[in-house]
Amino acid sequence: MAAKLILSMDGLVLKEIPLSKERTTLGRKPHNDIQIDNLAISGEHAVIVTILNDSFLEDLNSTNGTYVNGQPIKKHFLQNNDVIELGKYKLKYLNETPTATTAQDFEKTMVLRPEMMHKAAEQAAARASFGDTHVGMKAAPEDQTLTHAPSMTATQPPAAAAPAAKAMPTAAIQILSGANAGKELELTKNLTTLGKPGVQVAVITRRPHGYFITHVEGASFPIVNGTALDTHPHELKDHDVIELAGVKMEFFFKG
């Protein structure tokens, strides 16, 4: 069952909205996918990015803020029965399909610090049997510079990853610039998060017919082979060069 939103106000259900697009915008202006014509709602208030079975909510610096279950958020990984609050309006998120990642993975997207890269490589083989373990990850300090490698997190239940493994060869990302130039990250999971929170974040999804990169967060979009992407998923080809959060990296197939 596809994820959907139930829009209501003062307990009265107004409409049901399926999340059938990769990017669903919410706001007062008519061009939004979900238009709420109320002065408490900003012209471009928030956006929901849906990747596979996962949906990420991001507040677009709205005047009155975006709330989920009564708590203000900047970005939030939506879970079944979450209630998004925009002024007097409520949007209940319904998704009974198992997700490919977890709230903790998205909320705590981390930057792989240079001193941890070597340890990560050493520990990767030892922990290979733990599909959901984050290896060698540390949260970046607030003054983290963009010369560090982008964050790299990926979780997917082993059973769900199996079909993709049969259909697609394993791919990897090699860092080309910054302190971690030359380091590699194999894209063994169905969902890999790259970037620096608050600056620029993208995800690479592994699908049966290819690997796709999609913009999730940030004012500027990822650049592939010198061309900025748009809101739609972009299929990656062998030896594509990606620029993200000030770091260049190369996508390539292994073997």
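Residue positions within a chain follow its written sequence, with the count starting from 1. Given that the model is predicted, a residue must reach a pLDDT of at least 70 before its local features are reported, and side-chain atom pairs must reach 80 or more before they are shown or counted; all residues, however, enter totals for whole chains, interfaces and linings. Hydrogens and waters are ignored; side-chain quantities use all the structure's heavy atoms.

Quick look at the sheet that holds strand E22 (residues 247-253) now. Backbone hydrogen bonds are what pair the strands of a sheet, in a parallel or an antiparallel way. Two strands pair under a simple rule: DSSP has to find at least two bridges between them. Secondary structure elements are defined from DSSP: runs of H or I of at least 4 residues count as helices, runs of E of at least 2 residues count as strands, and each element is numbered from the N terminus. Strand order across the open sheet formed by 6 strands is E14-E13-E22-E21-E18-E19, with antiparallel pairing between neighbours. Pairing within the sheet leaves two strands with one partner each, and these edge strands are strand E14 (184-186) and strand E19 (227-228). Here strand E21 (residues 240-244) runs beside E22; their pairing, made up of 5 bridges, is antiparallel. Along E22, the bridge assignment pairs Ile242 with Met249.

The definitions used throughout rest on a 1 Å grid laid over the protein atoms alone, on which a cavity is an enclosed set of points accommodating a 1.4 Å probe that cannot get out and a pocket is an open set flanked by protein within 12 Å on both sides along at least five of seven lines; lining residues are those having an atom within 4 Å of a point. Grid points are joined across faces, edges and corners, and a volume is the space filled by probe spheres set on the points. Taken as a whole, the second largest pocket holds about 270 Å³ of empty space. Forming the boundary of the second largest pocket are 14 residues, of which Glu58, Asp59, Leu60, Gly218 and Ala219 lie nearest the centre. Looking at which element gives the most residues to the lining of the second largest pocket, the answer is strand E17 (residues 210-217), with 3 residues. Within the lining of the second largest pocket, the residues separate by chemical class into 5 nonpolar, 3 polar and 6 charged. Amino acids outside the nonpolar list (Ala, Val, Leu, Ile, Met, Phe, Trp, Tyr, Cys, Pro) and the charged list (Asp, Glu, Lys, Arg) are all regarded as polar, and Gly is one of them.

This brings us to the sheet that holds strand E1 (residues 4-9). In space, the 6 strands of this open sheet follow the order E2-E1-E11-E10-E7-E8, with antiparallel pairing throughout. Only two strands of the sheet have a single partner each, and these edge strands are strand E2 (12-18) and strand E8 (71-73). Adjacent strand axes in the sheet meet at a mean angle of 30° when their direction is disregarded. Here strand E7 (residues 66-68) pairs with strand E10 (residues 83-86) via 2 bridges, running antiparallel. Bridge pairing in E10 places Tyr67 opposite Glu85. Simply put, an axis is a line fit to the C-alpha atoms, just over the touching stretch for a helix, and the angle between two N-to-C directions goes from 0 to 180 degrees.

Turning our eyes to something else, we now look at the side chain of Arg206. Its location among the elements puts Arg206 in strand E16 (residues 200-207). Of the polar contacts made by the side chain of Arg206, one reaches the side chain of Tyr211; its length is 3.2 Å. In protein, a polar contact means a hydrogen-donor-capable atom and an acceptor-capable atom, both N or O and within 3.5 Å, with residues adjacent in sequence counting only if both atoms are side-chain atoms; elsewhere, any N or O pair within 3.5 Å suffices.

The salt bridge criterion pairs a side-chain nitrogen of Lys or Arg with a carboxyl oxygen of Asp or Glu, the two atoms within 4 Å. Scanning the model with the defined rule gives 7 salt bridges in all. Residue Arg207 pairs with Glu22 through a salt bridge whose shortest N-O separation is 3.4 Å. Of the two residues, Arg207 sits in strand E16 while Glu22 sits in the loop between E2 and strand E3 (23-27), which places them 185 residues apart along the sequence. By relative accessible area, which is 14% here, Arg207 ends up buried. When accessible area is computed with a 1.4 Å probe and restricted to protein chains, residues below 20% of their type maximum are described as buried, those above 50% as exposed, and intermediate ones as partly exposed. The partly exposed category is assigned to Glu22, whose relative accessible area is 23%. A salt bridge links Lys254 to Glu184, with the shortest nitrogen-to-oxygen separation between them at 3.6 Å. Taken as a pair, Lys254 in the segment after E22 and Glu184 in strand E14 lie far apart in primary sequence, 70 residues in all. Residue class for Glu184 comes out partly exposed when judged on its relative accessible area of 43%. A single salt-bridge network, built from bridges that share partners, covers Glu184, Glu186 and Lys254.

Below, the discussion takes up the nonpolar core. In terms of nonpolar packing, the biggest core is built from 20 residues, with Leu5, Ile48, Leu57, Ile84 and Leu91 touching the most fellow members. Of all the secondary structure elements, the ones that give two or more residues to this core are E1, strand E5 (46-51), E10 and strand E11 (89-94). It is E11 that provides the largest number of residues to this core, a total of 3 residues. Should any heavy atoms of two residues lie within 4.5 Å, those residues are counted as being in contact. Dropping the residues within four chain positions of it, Leu91 is found in contact with Leu5, Ile6, Leu7, Ile17, Leu26, Asp82, Val83, Ile84 and Leu86. Membership of the second largest hydrophobic core comes to 19 residues, among which are Ile175, Ile213, Leu236 and Met249. Definition of nonpolar core: a set of buried residues of the types Ala, Val, Leu, Ile, Met, Phe, Trp, Tyr and Cys, connected through side-chain atoms within 4.5 Å.

Stacked, tilted and edge-to-face are the three classes applied to pairs of Phe, Tyr and Trp rings, where Trp contributes its six-membered ring and a pair requires centres within 6.5 Å; stacked means planes under 30 degrees apart, edge-to-face means over 60, and tilted covers the rest. This structure, assessed with the given rule, holds 4 aromatic pairs. Arranged with centres 5.5 Å apart and planes meeting at 70°, the rings of Phe56 and Phe77 form a pair that is edge-to-face. Linking Phe56 in strand E6 (residues 54-59) with Phe77 in strand E9 (residues 75-77), this pair joins segments that are 21 residues apart in sequence. With a relative accessible area of 4%, Phe56 lands in the buried category. Criterion for a charge above a ring: Arg CZ or Lys NZ at most 6 Å from the ring centre, at most 35 degrees from the ring normal. Sitting over the ring of Phe212, Arg207 keeps its end group 4.9 Å from the ring centre.

Further remarks concern the confidence of the model for the protein. On average, the protein scores 75 in pLDDT, and the residues at 70 or more come to 71%. Across the chain, each position has a pLDDT score giving the predictor's confidence in that residue, from 0 to 100. Note on residues 100-165: pLDDT is under 50 here. Beyond four places in sequence and across chains, it has 116 contacts.

Within E6, 6 of the 6 residues are buried, which leaves it mostly tucked inside the rest of the structure. Alternating positions in E6 separate into two faces, Asp54, Phe56 and Glu58 on one and Ser55, Leu57 and Asp59 on the other, with burial throughout. Alignment of E5 against E6, held across 6 bridges, turns out to be antiparallel. In the strand pairing of E6, Val49 is matched with Phe56. The turn joining E5 and E6, which pair antiparallel and follow one another in sequence, is formed by 2 residues; a positive phi near 55° is taken by Leu52. Two strands pair when backbone bridges link them, and E6 and E9 are joined in this way by 3 bridges, in the antiparallel orientation. Bridge assignment links Leu57 to a residue of E9, and that residue is His76.

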